[in-house]
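# Structural features, examined
This is what each chain is made of:
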Amino acid sequence: MKKLSVVIPVYNESASLPKLFERTFPALDKLNRPYEIIFVNDGSKDDSIKQLKEMYEKRKDVVKIIDFNGNFGQHMAIVAGFTKVTGDVVVTMDADLQNPPEEIEKMLAEFDKGHDVVGTIRAKRDDPFFRKFASKIVNIVTNKITGLKIHDYGCMLRAYDRRITDIIAQSEEATTFIPAFAQKFAVNPIEIEISHSKRMEGESKYSFFRLVSLNFDLMTSFSLVPLQFITISGMVISGLSFLLASYLIAMRIIYGASADDTNGVFTLFAILFFLIGFMISAIGITGEYIGRLFKEVRKRPKFVIKEEYGI
Ligand code: UDP
Ligand code: MG
């Protein structure tokens, strides 16, 4: 029987942990296969680590803990977990129980059929309307620019073959987005629907700005299309303004000064503002790439582990 490793990033989840333990252990015990759970404490400021350690004392047979020396983000926490897994199939899961651990059984069934990545789609996603709407757009745009085909980038309850998680663990990238990374290296991926519920305890760890930044991580890590889009738009715009200029010059020559009435001034302003807006966003997008390039060049450690338990 193939061994299962479950990686759970934990950031200020003390309110969710008791319920998480209560449901996850029975769900995994009943699978009748060897397993381990690696909790990665991502610099929680509440008593999450205390609760994790208590659980470790109780279930040393299956619990392992990586305790970070600060907050390095959900995806880095998962990468850290990937560097320590010992199973053949690796499942990532959130600590807040929005994705039920009971669904792992269904995912493993697909894995056993020979799929190396089992992606998931949140059926009847129970989140605020604005987040669902934003996700829809993000999913469509991201698929377009990355060339990947993932229906739900946000759902982290996923199963990966150990070969895939090893590739991710060995990668040197300072910014990453796990589901997209795995999809890129998957040979035989599949997506299944799983249930989803509201966050019961605590609140989302993603503010609006963190979500935007996460989506830029996703975009810049997997595609150069935005840069190419800027270059091509720049060419098209300069081509068009060349035509416009030629037209204006021709009119001036043919009709003389009378062609120069003030009516055109506002049209020019409109064009100018459009161009300025376009240039600022072009610089911004370029900046997103440069900023991440800078992060890579600095080569700071991706995460720092303070302590490990059971590893
Ligand atoms: N998380 C983390 N580090 C962070 C932010 C989040 O380890 O900096 C964990 C968090 O504890 C949870 C998971 O990542 O287990 C997903 O976070 P959350 O539920 O807040 O995200 P949402 O469901 O709102 O997208
Ligand atoms: Mg959540």
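Summarised in this report is the structure supplied together with it. (Residues numbered from 1 in each chain as written. Chains lettered and ligands numbered in written order. Predicted model: local features only at pLDDT ≥ 70, side-chain atom pairs only at ≥ 80, totals over all residues. Heavy atoms only, no water.)

Attention now moves to the pattern of salt bridges. Inspection of every chain in the model, using the stated rule, returns 23 salt bridges. Put simply, E36 and K64 hold a salt bridge, and the shortest N to O gap is 2.7 Å. Of the two residues, E36 sits in strand β2 (residues 35–41) while K64 sits in strand β3 (residues 63–68), which places them 28 residues apart along the sequence. Using a relative accessible area of 1% as the deciding quantity, one classes E36 as buried. Look at K64 and you get buried, because its relative accessible area is 16%. (Salt bridge = Lys/Arg side-chain N within 4 Å of Asp/Glu carboxyl O. Helix = DSSP H or I, 4+ residues; strand = E, 2+ residues; numbered from the N terminus. Buried < 20%, exposed > 50% of the residue type's maximum accessible area, 1.4 Å probe, protein only.)

It is worth spelling out a nonpolar patch on the surface at this point. Together, F129, F130, F133, I137, I140, V141, F208, F209 and V212 give the surface a local cluster of nonpolar side chains, amounting to about 980 Å² of exposed area. Take the nonpolar patch: its biggest share by element is six residues, from helix α5 (residues 129–146). Mapped onto the secondary structure, F129 falls in helix α5. (Patch = residues over 30% accessible without salt bridge, like charges linked within 9 Å, V, L, I, M, F, W, Y side chains within 5 Å. Areas by Shrake-Rupley, 256 points an atom, 1.4 Å probe, with all protein chains shown as cover.)

This part covers unusual backbone geometry. In this structure, K124 takes a positive phi of about 45 degrees despite not being glycine. Relative to the assigned elements, K124 resides in the loop between β5 (117–122) and α5. Even without being a glycine, K299 presents a positive backbone phi close to 55 degrees.

The magnesium ion (ligand 2) binds to the protein through D96 (OD) and Q98 (OE1), with metal-donor distances spanning 1.9 Å. This pair shows no difference in class: D96 is buried, exactly as Q98 is. (Donors = N, O, S within 2.8 Å, 3.2 Å for Na, K, Ca; no water.)

Glancing now at the site of ligand 1. Near ligand 1 you find 18 residues, and of these E13, D42, D96, S204 and K205 are the closest. Take S204: an N or O atom from its side chain is 2.5 Å from an oxygen atom of ligand 1. When ligand 1 sits alone it has 530 Å² of accessible area, and the protein chains cover 94% of it. Of the residues contributing to the shell around ligand 1, the split by class is five nonpolar, five polar and eight charged. (Near = heavy atom within 4 Å. Polar contact = N/O pair within 3.5 Å; in protein donor to acceptor, adjacent residues only side chain to side chain. Nonpolar A, V, L, I, M, F, W, Y, C, P; charged D, E, K, R; others polar.)

Within the sequence span of helix α6 (residues 162–170), burial applies to I164, T165, I168 and A169. The arc that holds the buried residues of α6, viewed along the axis, is 135 degrees, so those residues lie on one side. Across α6 from its buried face, at more than 90 degrees, point the exposed residues R163 and Q170. Contact partners of the buried residues in α6: α3 (74–84), β4 (89–92), β5, β6 (158–161) and α7 (178–185). (Arc of directions from axis to C-beta. Contact = heavy atoms within 4.5 Å.)

Running from N to C, α6 and α7 point in directions that differ by 120 degrees, and their axes come no closer than 10 Å. Considered as vectors, α6 and α7 are oriented oblique to each other. Helix-helix and strand crossings are classified by hand; for α6 and α7 the assignment is right-handed. Side by side, α6 and α7 meet where I164, I167 and I168 of the first sit next to I178, F181, A182 and F185 of the second. Broken down by class, the residue content of the contact of α6 with α7 amounts to seven nonpolar, no polar and no charged. (Axes fitted to C-alpha atoms, helices over the stretch in contact; angles between N-to-C directions. Parallel < 35°, antiparallel > 145°, perpendicular 65-115°, else oblique. Left-handed = near helix turned anticlockwise from the far one by under 90°.)

This brings us to the packing of aromatic side chains. With the rule as written, the count across this model stands at 13 aromatic pairs. Each ring, one from F21 and one from F25, has its centre 6.1 Å from the other, and the planes form 50 degrees; the classification is tilted. In this pair, F21 and F25 both sit in helix α1 (residues 17–29), four residues apart, roughly one turn of the helix. When sorted by exposure, F21 lands in the same class as F25, which is buried. Geometrically, the ring pair formed by F68 and F303 is stacked, given 5.3 Å between the ring centres and 15 degrees between the ring planes. Of this pair, F68 sits in strand β3 while F303 sits in the loop between α10 (263–298) and β8 (305–309); the two residues are 235 residues apart in sequence, bridging distant segments of the chain. (Phe/Tyr/Trp six-rings, centres within 6.5 Å; stacked < 30°, edge-to-face > 60°.)

It is worth spelling out the sheet that holds β3 at this point. Within the open sheet, the eight strands sit side by side as β7-β5-β6-β4-β1-β2-β3-β8. Their pairing is mixed. Each edge of the open sheet carries a strand with a single partner, namely β7 (190–194) and β8. On average, adjacent strands in this sheet sit at an angle of 20 degrees to one another, irrespective of strand direction. As paired strands, β2 and β3 are joined by five bridges and run parallel to one another. Along β3, the bridge assignment pairs I38 with K64. Each of β1 (4–10), β2, β3 and β8 touches helix α2 (residues 48–58); the most contacted strand, β3, lies at about 155 degrees to it. (Pairing = 2+ DSSP bridges.)

With respect to the secondary-structure elements, E110 resides in helix α4 (residues 104–112). What makes E110 buried here is its relative accessible area of 14%. Sequence-distant contacts of E110, defined by excluding residues within four places in its chain, comprise H115, V118, I190 and I192.

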